[in-house]
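Spelled out from the first residue to the last, the chains are:
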Amino acid sequence: MTNFTAFAKLLSLLRMNGEGGQIGGLSIESLLLVAETPRTLEELTHLTGAHNGSVSRAIRSITPVWNEEKGVIHMPHLHLLVRKKRKPPLTGHEYRLARGGKQLLQEAGLMR
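Residues numbered from 1 in each chain as written. Predicted model: local features only at pLDDT ≥ 70, side-chain atom pairs only at ≥ 80, totals over all residues. Heavy atoms only, no water.

Here we come to the overall build of the protein chain. Counting its secondary structure elements, the protein chain contains 5 helices and 4 strands. When the helices and strands of the protein chain are read in sequence order from the N terminus, they spell out α-α-α-α-β-β-β-β-α. Principal-axis analysis of the C-alpha atoms gives the protein chain an extent of 40 × 30 × 25 Å. By residue count, 30% of the 112 residues in the protein chain fall in the buried class. (Helix = DSSP H or I, 4+ residues; strand = E, 2+ residues; numbered from the N terminus. Buried < 20%, exposed > 50% of the residue type's maximum accessible area, 1.4 Å probe, protein only.)

Encoded structure:
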C-alpha cells in the first residue's frame with residue numbers, strides 16, 4: 001500500500017467513525033505529528049503554524065478533557081490522543097497517542 005492509499009484510508013476511517021462524519025484538518029495534522037513522537041501544545045503550534053487556540057480546539061476534539069465546572073470528563077466521539085503531565089524537571093503536558101489512535105493508524109496502514 002502506498003502512503004497516498006494509506007492516507008486516503010485514514011481519512012475514510014475518520015470520516016466514517018467521526019461524529020457527524022467530519023474531523024478537522026488541523027486535528028488530523030496534530031494526530032499525525034503526535035504519532036511520530038509525543039508533543040506539547042507549544043510544539044504542535046510551532047509545527048502546524050496555527051494559532052495556539054486553534055490547535056487547542058483541534059486537539060480537544062480528539063482528546064478527553066476534564067470539565068472543572070461540571071466535575072466530569074468530556075469524552076470525544078473519537079478518543080485518539082491522551083494528555084499526560086510531563087516528568088520533572090519538565091513542566092506542562094504532552095499529548096500522546098491513545099490506544100484508539102494507534103489502532104486507527106494501524107488499520108489505515110500508516111503504523112505497525
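Structure's up, so let's keep going.
Looking now at a nonpolar patch on the surface. Together, Phe7, Leu11 and Leu110 give the surface a local cluster of nonpolar side chains, amounting to about 220 Å² of exposed area. Here leucine 110 is to be found in the segment after helix 5 (99–108). The class for leucine 110 is partly exposed, based on a relative accessible area of 34%. (Patch = residues over 30% accessible without salt bridge, like charges linked within 9 Å, V, L, I, M, F, W, Y side chains within 5 Å. Areas by Shrake-Rupley, 256 points an atom, 1.4 Å probe, with all protein chains shown as cover. Salt bridge = Lys/Arg side-chain N within 4 Å of Asp/Glu carboxyl O.)

Bringing the confidence of the model for the protein chain into the picture now. Within the protein chain, residue pLDDT values average 91, and 97% of them lie at 70 or more. Per-element confidence in the protein chain ranges from a low mean pLDDT of 87 for strand 1 (residues 65–67) to a high of 97 for helix 3 (residues 41–48). (pLDDT = per-residue confidence, 0-100.)

What follows covers the pattern of salt bridges. Applying the stated criterion to the full structure yields 2 salt bridges. For glutamate 36, the salt bridge is made with arginine 39, and the minimal N-O distance between the two is 2.7 Å. In this structure, arginine 96 and glutamate 94 form a salt bridge, with 2.5 Å as the shortest nitrogen-oxygen distance. The exposure class of glutamate 94 is buried, given its relative accessible area of 15%.

On to unusual backbone geometry. The omega torsion of the bond from proline 88 to proline 89 falls at 10 degrees, within 30 degrees of zero and hence cis. Of note, proline 89 is situated in the loop between strand 3 (81–85) and strand 4 (93–97).

On to the layout of surface pockets. The computed volume of the largest pocket comes to approximately 190 Å³. Considering the residues around the largest pocket, the lining is formed by Gly18, Glu19, Gln22, Ile23, Arg60, Ser61, Ile62, His74, Met75, Pro76, His77 and Leu78. (1 Å grid on protein atoms, 1.4 Å probe; cavity = no way out; pocket = protein on both sides within 12 Å on 5 of 7 lines; lining within 4 Å. Points joined across faces, edges and corners; volume = space filled by probe spheres on them.)

Okay, the environment of serine 12 next. In this fold, serine 12 is placed in helix 1 (residues 3–17). Taking C-alpha positions, serine 12 is 8.9 Å from alanine 108, a pair spaced 96 residues apart along the chain.

With respect to the helices and strands, the residue leucine 104 is situated in helix 5. Taking relative accessible area as the criterion, leucine 104 reaches 8% and is therefore assigned buried. Taking C-alpha positions, leucine 104 is 8.2 Å from leucine 80, a pair spaced 24 residues apart along the chain. Among all residues touching leucine 104, those that are not within four sequence positions of it are Leu10, Leu13, Leu14, Asn17 and Leu80. (Contact = heavy atoms within 4.5 Å.)

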